Amino acid sequence: MKKVAIYGQSYSISAEKEIQILLKVLQQHNIVSFIEKKFYDLLVQGNILDKKYPTFSHFSDLNSSFDVLFTLGGDGTILRAVTYIRDLDIPILGINTGRLGFLATINKTAIVESVNLILNGDYSIQERTLLSVKTSPETATFAELNFALNEVTIARKNTTSMIGVKTCLNEEYLTNYWADGLIIATPTGSTGYSLSCNGPVISPDSKNLVITPIAPHNLNARPMVIADDTQIKLTIDSREKDFLISLDSRITTVAKNTVVYIEKASFTIKSIIPKNQSFLQTLRTKLLWGEDTRNETNL
């Protein structure tokens, strides 16, 4: 590892100690660190850095010569970082500075240990599927960033009325979901918004997607797991003239006559898993599986 990129929240400093630890251990190993420009400016304003660092501010500033992209924050930070690396095949390692996440799994107390594991080759690479979106007519907002790591969501806008989402899989009609919206989630996104809407947990290496309705009116509508090479077509019926499409945290308003096409993206995101971490370990910790949460004093 010779050169890395570092991305953090640009609106507040919540990881002052962690960024200092990370930069110190990287410097000890003579690794060149590039910091995202807005985050770097915030660190400079807070007098947190002891020297100048090179910066990046756009996808075009990065290339395949970067060995790792470190993120400091939570899962949302990783979702935003993905827009910088796109199809460059730069692996991501998320350092969690808040609550435990499913993506940012490195505890802030284990930064040095995790970096050393990577330097020693004690890690694995997990490839994560993304979704790509096309609309007819075209939506300018998604002209460049038309992909999502977690999910693509269709939702109603500014109304209490439900919307109908006519869903076709590989050009065959499935059903018309009458609901507040519909989530198309990747295995990575199965532990996000989809999970909160009673969707299943899917292992990150599964070759599947999940369709999860949001508060469906037809109560027999249930989440459905499909193959990840399925082509999905969504047509919206609504009393309102507009509806919302969100790709992870990026959201836009489109006219209700817009047809949405969703399929697996042509590239993947590579997630670094140090030997001291695993998806099942994170799942057990996050969901408290296998733990007795009863208050023994009440037994």
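In what follows, the accompanying structure is described. Please read all numbers here as calculations on a predicted model, not as lab measurements.

### Things to note about helix H4 (residues 111-119)
- All of the buried residues in H4 are Ile111, Ser114, Val115, Leu117 and Ile118. Looking down the long axis of H4, one finds its buried residues gathered within 160° of arc, a one-sided arrangement.
- For H4, the secondary structure elements touched by its buried residues are helix H1 (16-28), strand E4 (68-73), strand E5 (92-96), strand E6 (106-107), strand E7 (123-136) and strand E18 (259-274).
- A positive phi of about 80° marks Gly121, the residue just after H4.

### Some details on the packing of H1 against H4
- The N-to-C vectors of H1 and H4 enclose an angle of 35°; their axes lie 10 Å apart at closest approach. With respect to the hand of their crossing, H1 and H4 are arranged in right-handed fashion. Contact residues: H1 offers Glu18, Ile21, Leu22, Val25 and Leu26, while H4 offers Ile111, Val112, Val115 and Asn116.
- Classifying every residue of the contact of H1 with H4 gives seven nonpolar, one polar and one charged.

### Considering the pattern of salt bridges
- In this structure the tally under the stated criterion is six salt bridges.
- Between Lys37 and Asp41 there is a salt bridge whose closest N-O contact spans 2.9 Å. Taken together, the positions of Lys37 and Asp41, both in helix H2 (residues 37-45) and four residues apart, correspond to about one turn of that helix.
- Residue Asp228 pairs with Lys264 through a salt bridge whose shortest N-O separation is 3.6 Å. Placement of the pair is Asp228 in the loop between strand E14 (224-227) and strand E15 (232-237) and Lys264 in strand E18, with a sequence separation of 36 residues.
- A residue is classified by how much of its surface remains accessible, and Lys264, at 36% relative accessible area, is partly exposed.
- Within this structure, Asp89, Glu127 and Lys270 form a network of salt bridges that share partners.

### Notes on unusual backbone geometry
- With an omega dihedral of 0°, the bond running from Ser136 to Pro137 counts as a cis peptide bond.
- Following the sequence through the fold, Pro137 ends up in the loop between E7 and strand E8 (147-148).
- Backbone geometry at Leu288 places phi at a positive 60°, although glycine is not the residue there.
- For Leu288, the location among the structural elements is in the segment after helix H6 (279-287).

### Observations concerning the environment of Leu117
- Within the secondary structure, Leu117 sits in helix H4.
- With relative accessibility at 16%, the residue Leu117 sits in the buried group.
- Along the sequence, Leu117 and Lys275 sit 158 residues apart, while their C-alpha atoms lie 7.2 Å from each other.
- Discounting chain neighbours no more than four positions away, the residues touching Leu117 are Asp122, Tyr123, Pro274, Lys275 and Asn276.

### Considering the environment of Val210
- Looking at the secondary structure, you find Val210 in strand E13 (residues 208-214).
- A relative accessible area of 0% places Val210 in the buried class.
- For the pair formed by Val210 and Ser190, sequence separation is 20 residues and the distance between their alpha carbons is 7.3 Å.
- Apart from residues no more than four positions distant in its own chain, Val210 is found in contact with Ile183, Ile184, Ala185, Ser194, Pro200, Ile202, Pro223, Met224 and Val225.

Basis of the calculations
Residues numbered from 1 in each chain as written. Predicted model: local features only at pLDDT ≥ 70, side-chain atom pairs only at ≥ 80, totals over all residues. Heavy atoms only, no water. Buried < 20%, exposed > 50% of the residue type's maximum accessible area, 1.4 Å probe, protein only. Helix = DSSP H or I, 4+ residues; strand = E, 2+ residues; numbered from the N terminus. Arc of directions from axis to C-beta. Contact = heavy atoms within 4.5 Å. Axes fitted to C-alpha atoms, helices over the stretch in contact; angles between N-to-C directions. Left-handed = near helix turned anticlockwise from the far one by under 90°. Nonpolar A, V, L, I, M, F, W, Y, C, P; charged D, E, K, R; others polar. Salt bridge = Lys/Arg side-chain N within 4 Å of Asp/Glu carboxyl O.

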